[in-house]
Amino acid sequence: MTEERKRIYTEGEIMLAIRTAPDKDVPDGFAERVMAGLEPRRPSPWRRLRLWLVRPRVMTFRPLTVIPAVTLAVALLALAVIKTDTPGEDPGVRLATVRFVLRDADMHARQVAVIGSFNNWRAERSVMWYNRKEGAWVLEAKLPPGDHEYLFLVNGRELVPDPGAPMTRDDGFGNKNSIMFVNGDNEQAL
Amino acid sequence: MNRRCRISGWVLAGLLCLLAVPAASAADIPYAEAAARARECGVLSETLGLVASGVEEGGLARDEGAALLMPLIEACANRFPLAPFEDKLAEGLAKHVPAPRIIKVLEDRLAAYRFVRDLLAPRFRDVDPELLVTMAEGVSQGTPRDDLKRYVAEFSSESPEPFLTGAHMVCLLGQSSFDYALTRDMLEAAFAEGGPLPQWRYFIRIVLVGRQRGLADADMAAAARRVLETGGTLNDVSSRLGFTSRSLSGRVDSN
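This is a predicted model, so every value here is computed, not measured.

Undergrad: Before we move on, can you summarise the overall build of chain B with the specific residues and values?
TA: Along the backbone of chain B there are 14 helices and zero strands. Reading the helices (α) and strands (β) of chain B from amino to carboxyl end gives α-α-α-α-α-α-α-α-α-α-α-α-α-α. Taken over 255 residues, chain B has a buried fraction of 47%. Look at the contacts in chain B between residues 6 or more apart in sequence, and 68% of them connect residues 24 or more apart. Within the structure as shown, chain B displays about 12600 Å² of accessible surface, and the carbon and sulfur contribution to it stands at 54%.

Undergrad: I'd like to hear about the sheet that holds strand β3 (residues 129-131) of chain A, residue by residue, with values.
TA: Residue and element names in this part refer to chain A. On the basis of which strands lie adjacent, the open sheet formed by three strands has the order β1-β4-β3 and antiparallel pairing. This sheet does not close on itself; its edge strands, each paired only once, are β1 (96-103) and β3. Ignoring which end each strand starts from, the neighbouring axes of this sheet average 40° apart. As paired elements, β3 and strand β4 (residues 136-143) share three bridges and run antiparallel to each other. Following the sheet pairing, Tyr130 is matched in β4 by Trp137.

Undergrad: Would you mind going over the pairing of β4 of chain A in detail, with residue names and values included?
TA: Residue and element names in this part refer to chain A. With respect to burial, β4 is a largely interior element, six of its eight residues being buried. In terms of strand pairing, β1 meets β4 through eight bridges, oriented antiparallel. Along β4, the bridge assignment pairs Val98 with Ala141.

Undergrad: Can you explain the state of the cysteines? Please cite residues and give values.
TA: Residues and elements named next belong to chain B. Under the defined criterion, the tally for this structure stands at one disulfide over all chains. Disulfide pairing places Cys41 opposite Cys76 at an S-S distance of 2.2 Å. The sign of the S-S torsion, about -90°, decides the handedness of the disulfide formed by Cys41 and Cys76: left-handed. With Cys41 in helix α2 (residues 31-41) and Cys76 in helix α4 (residues 62-77), this residue pair connects regions lying 35 residues apart in the sequence. Residue classification places Cys41 among the partly exposed residues on the basis of a relative accessible area of 26%.

Undergrad: Break down the nonpolar core for me, with residues and values.
TA: Ranked by size, the top nonpolar core spans 84 residues in total, and within it Leu69, Leu89, Met135, Tyr151, Trp200, Phe203 and Val237 of chain B carry the most contacts. In terms of residues, this core owes the most to one element, helix α6 (residues 99-120) of chain B, which gives 12 residues. Two domains share this core, each providing at least three of its residues, namely domain 1 (52-141) and domain 2 (145-255) of chain B. Once residues lying within four places of it in the same chain are set aside, the contact partners of Tyr151 of chain B are Ser156, Pro162, Phe163, Gly166, Ala167, Val170, Tyr180, Leu187 and Phe191 of chain B. Judged by nonpolar contacts, the second largest core, of 20 residues, contains Val114, Trp137, Ala141 and Met180 of chain A.

Undergrad: So, the pairing of strand β2 (residues 112-116) of chain A: which residues are in play, and what are the values?
TA: All names here are of chain A. For β2, the buried fraction is high: five of the five residues fall into the buried class. Along β2, one buried face is formed by Val112, Val114 and Gly116 and the opposite face, lined by Ala113 and Ile115, is buried too. Where β2 lies against strand β5 (residues 146-154), five bridges are found, and the strand directions are antiparallel. Within β5, the residue paired with Ala113 across the bridge is Leu153.

Undergrad: Explain the packing of helix α8 (residues 145-155) of chain B against helix α9 (residues 160-175) of chain B to me, and be specific about the residues and the numbers.
TA: Between two packed helices, what matters for the description is the angle formed by their axes and the separation of those axes. Residue and element names in this part refer to chain B. Two elements in contact, α8 and α9, have axes separated by 10 Å at closest approach and are oriented at 160°. The angle between the axes of α8 and α9 places the two elements in the roughly antiparallel class. As α8 packs across α9, the resulting crossing turns out to be right-handed. The segment α8 lies against α9, with Asp147, Leu148, Tyr151, Val152 and Phe155 engaging Pro162, Phe163, Gly166, Ala167, Val170, Cys171 and Gly174. A per-class count over the contact of α8 with α9 returns nine nonpolar, two polar and one charged.

Undergrad: Can you break down the pattern of salt bridges residue by residue, with the values?
TA: Under the counting rule described, the total for this entry stands at 23 salt bridges over all chains. Among the salt bridges present, the one from Glu124 of chain A reaches Arg122 of chain A, with a minimum N-O distance of 2.8 Å. Between Glu229 of chain B and Arg225 of chain B there is a salt bridge; the shortest N-O distance is 3.2 Å. You can see Glu229 of chain B and its partner Arg225 of chain B sitting in helix α12 (residues 217-229), four residues apart, about one turn around the helix. Residue Glu229 of chain B is classed as partly exposed on the basis of its relative accessible area of 37%.

Undergrad: How would you sum up helix α5 (residues 83-94) of chain B? Please name residues and give values.
TA: Each full turn of the α-helix corresponds to 3.6 residues, which orients residues three or four apart in the same direction. Here α5 of chain B spans 16 Å end to end across 12 residues, near enough to the 16 Å set by a 1.5 Å rise per residue. The buried count for α5 of chain B comes to nine of 12 residues, which makes it a mostly enclosed element. Along its buried surface, α5 of chain B packs onto β5 and β8 (176-182) of chain A together with α3 (45-56), α4, α6 and α7 (129-140) of chain B. Among the residues trailing α5 of chain B, His96 of chain B stands out with phi positive, at a value near 55°.

Undergrad: Describe the layout of surface pockets, listing the residues and the values that go with them.
TA: Size it by volume and the largest pocket reaches roughly 870 Å³. For the largest pocket, the lining is made up of 30 residues, of which Ser117, Asp147 and His148 of chain A together with Val133 and Glu137 of chain B are closest to its centre. When residues of the lining of the largest pocket are traced back to their parent elements, those giving at least two are β5 of chain A together with α5, α7 and α9 of chain B. Taken together, the residues that form the lining of the largest pocket break down as 10 nonpolar, nine polar and 11 charged.

Undergrad: With reference to specific residues and values, describe the interface of chain B and chain A.
TA: Residue-level contacts link 32 residues of chain B with 39 residues of chain A. Carbon and sulfur atoms supply 55% of the area that chain B and chain A bury against each other, a total of about 3000 Å² over both sides. Here chain B is connected to chain A by four salt bridges. One salt bridge connects Glu46 of chain B with Arg122 of chain A, and the closest N-O pair in it is separated by 2.9 Å. Viewed at the interface, chain A and chain B are joined by 15 residue pairs in polar contact (both at pLDDT 80 or more). Secondary structure elements with two or more residues in the side of chain B that touches chain A: α3, α5, α6, α9, α11 (203-212), α13 (234-241) and α14 (245-250) of chain B. Residues belonging to the side of chain B that touches chain A are distributed by class as follows: 14 nonpolar, eight polar and 10 charged.

Definitions and limits used
Residues numbered from 1 in each chain as written. Chains lettered and ligands numbered in written order. Predicted model: local features only at pLDDT ≥ 70, side-chain atom pairs only at ≥ 80, totals over all residues. Heavy atoms only, no water. Helix = DSSP H or I, 4+ residues; strand = E, 2+ residues; numbered from the N terminus. Buried < 20%, exposed > 50% of the residue type's maximum accessible area, 1.4 Å probe, protein only. Contact = heavy atoms within 4.5 Å. Areas by Shrake-Rupley, 256 points an atom, 1.4 Å probe, with all protein chains shown as cover. Pairing = 2+ DSSP bridges. Axes fitted to C-alpha atoms, helices over the stretch in contact; angles between N-to-C directions. Disulfide = S-S within 2.5 Å. Core = buried A, V, L, I, M, F, W, Y, C linked by side-chain atoms within 4.5 Å. Domains from an automatic or database assignment. Parallel < 35°, antiparallel > 145°, perpendicular 65-115°, else oblique. Left-handed = near helix turned anticlockwise from the far one by under 90°. Nonpolar A, V, L, I, M, F, W, Y, C, P; charged D, E, K, R; others polar. Salt bridge = Lys/Arg side-chain N within 4 Å of Asp/Glu carboxyl O. Expected span 1.5 Å × (residues − 1). 1 Å grid on protein atoms, 1.4 Å probe; cavity = no way out; pocket = protein on both sides within 12 Å on 5 of 7 lines; lining within 4 Å. Points joined across faces, edges and corners; volume = space filled by probe spheres on them. Buried area = accessible area lost by both parts, 1.4 Å probe. Polar contact = N/O pair within 3.5 Å; in protein donor to acceptor, adjacent residues only side chain to side chain.

That's the geometry; what it means functionally is another story.
Here's what the structure looks like:
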């Protein structure tokens with residue numbers, strides 16, 4: 001007997017067995033179980049979120065509630081942006097606020113800057129502003145503790161020591177640098 | 001005799017060659033190579049940029065640019081902190097000081113650092129960089145070397161932090177021509193009580209204000225000594241001398 005014949009014979013036997021088998025009732029709940037298996041699956045959370053977002057909805061709100069909430073949200077956002085933009089200070093170093101003042105009652109100078117060891121002697125980093133009330137060029141800066149050398153650079157070329165500095169030091173180049181003593185307690189001199 | 005002279009001549013010539021080689025290499029090194037070596041040593045790009053700007057804008061000749069960087073390269077070779085040298089170079093360039101003058105100041109500073117290193121090395125296995133900078137900058141700025149020699153000889157066995165504070169005091173007072181004998185008396189009292197607190201480095205401020213008010217250095221030192229004997233603070237000294245704390249510390253202006 002060839003293989004093909006053997007297959008046809010077997011199939012015939014199976015069909016005959018099915019036709020001649022006795023009839024039996026369907027078990028209880030069979031249809032429900034089959035239908036439950038055919039129910040669509042619960043969508044994933046992401047898909048549900050997407051459906052929630054794209055499905056049109058009607059929202060109602062009271063302006064009296066929404067306006068303060070939006071204002072608060074904007075304020076918090078602005079605060080976060082400002083905080084991110086502010087460079088962080090080294091927590092290991094306590095900086096002290098110091099105030100540089102150069103008296104110039106009649107505002108003879110056109111521009112004054114402080115140059116010193118704390119700004120790498122770069123005038124553009126510490127340009128002073130003129131305070132008309134005080135009749136003086138003023139700049140506030142935060143400096144680490146220690147003794148700092150500095151000078152005023154007037155009109156971009158003239159080097160002027162601070163007349164009120166407690167101490168001056170020969171700079172080795174033929175000029176005198178003013179000395180500022182800064183401790184870690186937000187005090188300038190002691 | 002003749003042979004001995006010939007040998008001495010060869011030895012002398014050899015020594016001269018040894019001395020001449022480093023000098024020639026320092027003087028003849030091209031600017032680009034000096035900049036590259038300085039960069040390798042860790043000289044800040046900002047400092048290199050200042051020199052490069054001077055060279056590019058014509059304010060500095062290329063060989064001047066190289067010569068300005070050589071003391072920094074030497075400081076690096078000696079393992080000295082570079083920041084004080086970078087700062088002085090930036091200061092000189094900002095003040096438009098001629099390059100040879102800046103180089104001289106930087107070389108003097110190198111000499112000060114070598115002096116302090118040689119002073120401290122026999123007594124400390126690892127020299128604290130902050131101590132090295134404090135004392136070397138003090139020497140560069142006019143503290144008598146002899147003051148530091150005497151201070152190190154007498155107090156180098158003290159704890160590191162009070163010893164550093166004492167070094168600050170010796171340097172700042174020395175620059176103001178305060179007699180070292182007075183400083184020494186104060187420090188002796190301070191170390192007997194465990195050493196001066198860090199705030200004592202600013203004793204110089206009391207001295208400067210006291211001098212303006214006509215007080216003698218010896219009287220201020222005596223007041224400080226009495227306070228140090230009890231482990232007191234600078235405020236105690238100013239009270240003893242009749243200063244208000246505001247006259248010393250409450251001032252917030254630079255003048």
